[in-house]
Amino acid sequence: QVHFAESGGDLVQPGGSLTLSCAASGFLFSNSAMAWYRQTSLKGRELVAHIRSDASGTTYAGSVKGRFTISRDDAKNTIYLQMNDLKPEDTAVYFCNVPQNTWSTLVWYSWGQGTQVTVSL
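By convention here, each chain's residues receive numbers from 1 onward along its written sequence. Only residues with pLDDT of at least 70 are given local features in this predicted model, and only at 80 or more are side-chain atom pairs given and counted; all residues enter the totals for whole chains, interfaces and linings. Excluded from the side-chain calculation are hydrogens and water; included are all heavy atoms of the structure.

Colleague: Quick question: what am I supposed to make of the pattern of salt bridges here?
Modeller: Working definition: two side chains of opposite charge can pair if their charged atoms are close together. Think of a salt bridge as a Lys or Arg side-chain nitrogen and an Asp or Glu carboxyl oxygen that are within 4 Å of each other. Within the structure shown, the criterion is met by 5 salt bridges. E46 serves as the salt-bridge partner of R38, at 2.7 Å between the closest nitrogen and oxygen. Each residue gets one of three labels from its accessible area relative to the maximum for its type: buried under 20%, exposed over 50%, partly exposed in between, using a 1.4 Å probe on protein chains only. The class of R38 is buried, set by a relative accessible area of 3%. Salt-bridge contacts for R38 lead to D90; the nearest nitrogen and oxygen are separated by 2.9 Å. Of this pair, R38 sits in strand β4 (residues 34-40) while D90 sits in the loop between β8 (78-83) and β9 (92-97), placing them 52 residues apart in sequence. Residue R38 shares its accessibility class with D90, and that shared class is buried. Each member of the salt-bridge network shares a partner with another, and the members are R38, E46, R67 and D90. Only DSSP runs of H or I reaching four residues or more are called helices, and only runs of E reaching two or more are called strands; each is numbered from the N terminus.

Colleague: Would you take a moment to explain the sheet that holds strand β10 (residues 115-119) for this structure?
Modeller: Two modes of strand pairing occur in sheets, parallel and antiparallel, and in both the strands are linked by backbone hydrogen bonds. Here, any two strands with at least 2 DSSP bridges between them count as paired. Read across the open sheet, the 6 strands follow the order β2-β10-β9-β4-β5-β6; overall the sheet is mixed. Of all strands in the sheet, those with a lone pairing partner are β2 (11-12) and β6 (58-60), marking the two edges. The pairing of β4 with β9 spans 5 bridges and is classified as antiparallel. In the sheet register, Y37 faces β9, and the bridge partner there is F95.

Colleague: Help me out: how do you make sense of the state of the cysteines in this one?
Modeller: Formally, a disulfide is one covalent bond, and it connects the sulfur atom of one cysteine to the sulfur atom of another. Cysteine sulfurs are considered disulfide-paired once they come within 2.5 Å of each other. According to the stated counting rule, one finds 1 disulfide in the structure shown. Linked covalently through their sulfurs, C22 and C96 form a disulfide whose S-S length is 1.7 Å. Sign of the S-S torsion, about 50° for the bond between C22 and C96, identifies this disulfide as right-handed. Placement of the pair is C22 in strand β3 (residues 18-25) and C96 in strand β9, with a sequence separation of 74 residues. The same class applies to C22 and to C96, which are both buried.

Colleague: Sorry, what's going on with the packing of aromatic side chains here?
Modeller: For any pair of aromatic rings, geometry is given as the distance between the ring centres together with the angle between the planes. Within 6.5 Å between ring centres, the rings of Phe, Tyr and Trp (the latter by its six-membered ring) count as paired, and their orientation is classed by plane angle as stacked under 30 degrees, edge-to-face over 60, tilted in between. Enumeration over the complete set of coordinates arrives at 6 aromatic pairs. Seen in terms of ring centroids, F4 and Y109 are 6.3 Å apart; in terms of plane orientation they differ by 50°. Their pairing is tilted. Of this pair, F4 sits in strand β1 (residues 3-7) while Y109 sits in the loop between β9 and β10; the two residues are 105 residues apart in sequence, bridging distant segments of the chain. The class for F4 is buried, based on a relative accessible area of 3%. Across from the ring centre of W111, 3.8 Å away, lies the NZ or CZ of R45, which sits over that ring. Distance and angle both matter: a charge sits over a ring if NZ of Lys or CZ of Arg is within 6 Å of the ring centre and within 35 degrees of the ring normal. Residue placement shows R72 over the ring face of F29; its charged tip is 4.6 Å from the ring centre.

Below, the structure is given as structure tokens:
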């Protein structure tokens, strides 16, 4: 059974930093591209960052480019999202999953619980 466990979300002030983690299980992680998504009631779910299976390439949404960094540790079946210079508009529930295409909100597996990031004074 596929499972995603996102963690690391918190309340942080604008300009602050957070690192999110996503531990995955139940599929061949090292062969899978991975992505971070975020969801708000206003915007719905959007793709934030993508990393190829061999970590040879990463892609970011324009709104986070230069501030967020996605990485992976295949030995731990885990991906990370380092978030710097956080802005109130980054407030969302963050999820990870396996995208069906390089830049797609269509995913292969059911969603995990996500982790809440709130950026506020």
